[in-house]
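What follows is each chain in one-letter form.
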Amino acid sequence: MADASCSRETKSRGRAIEADRDTHTQPSSSRCFRMFKKFQPSADIAGQTTVKSSIQRGIRSAILSSWKIDVETLEEIWPKKESIVHVKCRDHLSIYALHGEPLFFQHFDGPYFPTLRLFHKYPFILPHVRVDRGAIRFLLAGAHMMCPGLTSAGGWLPPADAALPAGTPVAFDAEGKEFAVGIGIMKLGTEEMKVVKKGVAVESITYVGDDLWAIQKL
Amino acid sequence: MATPATTADATPSQPEKQAIPPVQMFYCGVCTFPPEYCEFGDSLSKCKEWLQAQHPDLYDKYYSDVALKAKLGTISQEAQSKLEEDTAKKEAKAEAKADAARKKKLASQVIIKRIERNKRKYITSVRGLEAFGVDLKKAAKLFAQRFATGGSVTKNAAGIDEIVVQGDVSQEIYDMIVEANDGKGGKKGLDVLKDVLVDNIEMVEEKRKKDE
Ligand SMILES: [Zn+2]
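Residues numbered from 1 in each chain as written. Chains lettered and ligands numbered in written order. Predicted model: local features only at pLDDT ≥ 70, side-chain atom pairs only at ≥ 80, totals over all residues. Heavy atoms only, no water.

Draft legend 1. View of the coordination of the zinc ion. All names here are of chain B. Looking at the zinc ion, the protein donor atoms are Cys 28 (SG), Cys 31 (SG), Cys 38 (SG) and Cys 47 (SG), and they sit 2.3 Å from it. Geometry at the zinc ion is tetrahedral, judged from its 4 donor atoms and the angles of 106 to 114° they form at the metal. Going along the chain, you hit the donors of the zinc ion in the pattern C-x2-C-x6-C-x8-C. On the criterion of sequence distance, the pair formed by Cys 28 in the loop between helix 1 (4-9) and helix 2 (44-54) and Cys 47 in helix 2 is long-range, its members being 19 residues apart. Of the residues examined, Cys 28 reaches a relative accessible area of 5% and is grouped as buried. (Donors = N, O, S within 2.8 Å, 3.2 Å for Na, K, Ca; no water. Tetrahedral: all angles 85-135°; square planar, octahedral: opposite > 155°, others 65-115°. Helix = DSSP H or I, 4+ residues; strand = E, 2+ residues; numbered from the N terminus. Buried < 20%, exposed > 50% of the residue type's maximum accessible area, 1.4 Å probe, protein only.)

See below:
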């Protein structure tokens, strides 16, 4: 079905269709890495549209079910009577902004991530892991988080009864720091990390000082 | 900011659910990071200076001897030294870059040229504003509006952008740049020109060629 419609597409749209098809064969999370390491609002934003209310309802319920947030608090962040603006960016990246302030974003049809500035205000909306002090500078350079940074003495992973599966959006706390240094998506489950102790544990999505951090108003 | 409507409706048996208030965040005025992460940026000395001047209490929280010792956590002394070395290097690099930009700016020139087209007909060309971070299109528009004349950005023979304004407005443009640099700037929309160094402006006159 998808292929049939694809062949009818004009050439100029061919690439977009192909990218769309990729989401079905590949978990979308694996394609969103480092999306804000090189992001230029002037070049990478295609346009802005107000989101239809039926779609807004869908986004709202997706957020309520995936973040640890109650209706009242979400209402504070994004009042029902206010329309959110969809900022369409290159590579199927969508940023959603209210009065110009980026609140959350999504890659393809993957999970909704809060911006780090929003997360700092509401640090309970995602589960946390903690990286050791030695890993902070790598995270701030845009690197993904390797297992040792989380399993070492300075790191922290939730206990077995609160284990997090692969694919979960998480915040990076950092040893000796009060505020999260970034947000990522788990590549391995937390229990798995404790066993393998090597390789990429969490993909970095956004972090303090990246190009999304720099955008305070869109 | 509680919502009055729900407060009134709340009954004792069903306690009203309140939104959880946001954490009041405070970010560094120099590097924009939460201050505890300034040490990983490329402007630590400036960040510290700023914090000490603006928020001495927070400065103590992050940079007192006790705080410095506590933050080391489980990192080895070796790794910490390496980090400090890196930070110093990053800072030096950023400063060298800023310094080079400053020097370049000091060495750049703005040339305001009065060009005679026909007898008593002139155009004014302005070159080199971009070295001072001026948006040429905005500046051309500003000149055009100010003098109610034509103003545009064009490439000259050497392929370098310059602003061409109809009429002899060379002295007026000079005065505008002086005015934009005078004190606060931003007045009458001269903001665009505020970083141009007046001392680096050269006034030139191009006479009409005999054969024209
Ligand atoms: Zn700072």
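There is more to say, and it comes next.
Draft legend 2. Fine view of the packing of helix 2 of chain B against helix 3 (residues 56-63) of chain B. All names here are of chain B. Two numbers describe how helix 2 lies on helix 3: the axes approach to 5 Å, and their chain directions differ by 135°. What the angle tells us is that helix 2 and helix 3 run oblique. Where helix 2 abuts helix 3, its residues Leu 44, Lys 48, Leu 51, Gln 52, Ala 53 and Gln 54 lie against Pro 56, Leu 58, Tyr 59, Tyr 62 and Tyr 63. By residue class, the composition of the contact of helix 2 with helix 3 is 8 nonpolar, 2 polar and 1 charged. (Axes fitted to C-alpha atoms, helices over the stretch in contact; angles between N-to-C directions. Parallel < 35°, antiparallel > 145°, perpendicular 65-115°, else oblique. Contact = heavy atoms within 4.5 Å. Nonpolar A, V, L, I, M, F, W, Y, C, P; charged D, E, K, R; others polar.)

Draft legend 3. Structural view of the pairing of strand 6 (residues 128-131) of chain A. All names here are of chain A. Judged by which residues are buried, strand 6 turns out to be one-sided: Val 129 and Val 131 face inward and are buried, whereas His 128 and Arg 130, on the alternate face, are not. Looking at chain direction, strand 6 and strand 8 (residues 169-174) are connected through 4 bridges and run parallel. Bridge pairing in strand 8 places Val 131 opposite Ala 174. (Pairing = 2+ DSSP bridges.)

Draft legend 4. A look at helix 2 of chain B. All names here are of chain B. By the burial criterion, the buried members of helix 2 are Leu 44, Cys 47 and Leu 51. Summarising the axial view, the buried residues of helix 2 lie within an arc of 60°, below the 170-degree limit, and thus occupy one face. Away from the buried face of helix 2 by more than 90 degrees, exposed residues Glu 49 and Ala 53 are located. Of the surrounding secondary structure, the elements contacted by the buried residues of helix 2 are helix 3 and helix 5 (77-107). (Arc of directions from axis to C-beta.)

Draft legend 5. Structural context of the sheet that holds strand 3 (residues 151-155) of chain B. Residue and element names in this part refer to chain B. The 5 strands are arranged 3-4-2-1-5 in an open sheet whose pairing can be described as mixed. The open sheet is flanked by strand 3 and strand 5 (201-206), the only strands paired with a single partner. Between one strand axis and the next, the sheet turns through 25° on average, direction left out of account. Of the pairings in the sheet, the one linking strand 2 (residues 121-127) to strand 4 (residues 161-166) comprises 5 bridges and is antiparallel in character. When the bridges of strand 4 are listed, Thr 124 appears paired with Val 165. Most of the contacts of helix 6 (residues 136-147) go to strand 4, to which it runs at about 10°, and overall it touches strand 2, strand 3 and strand 4.

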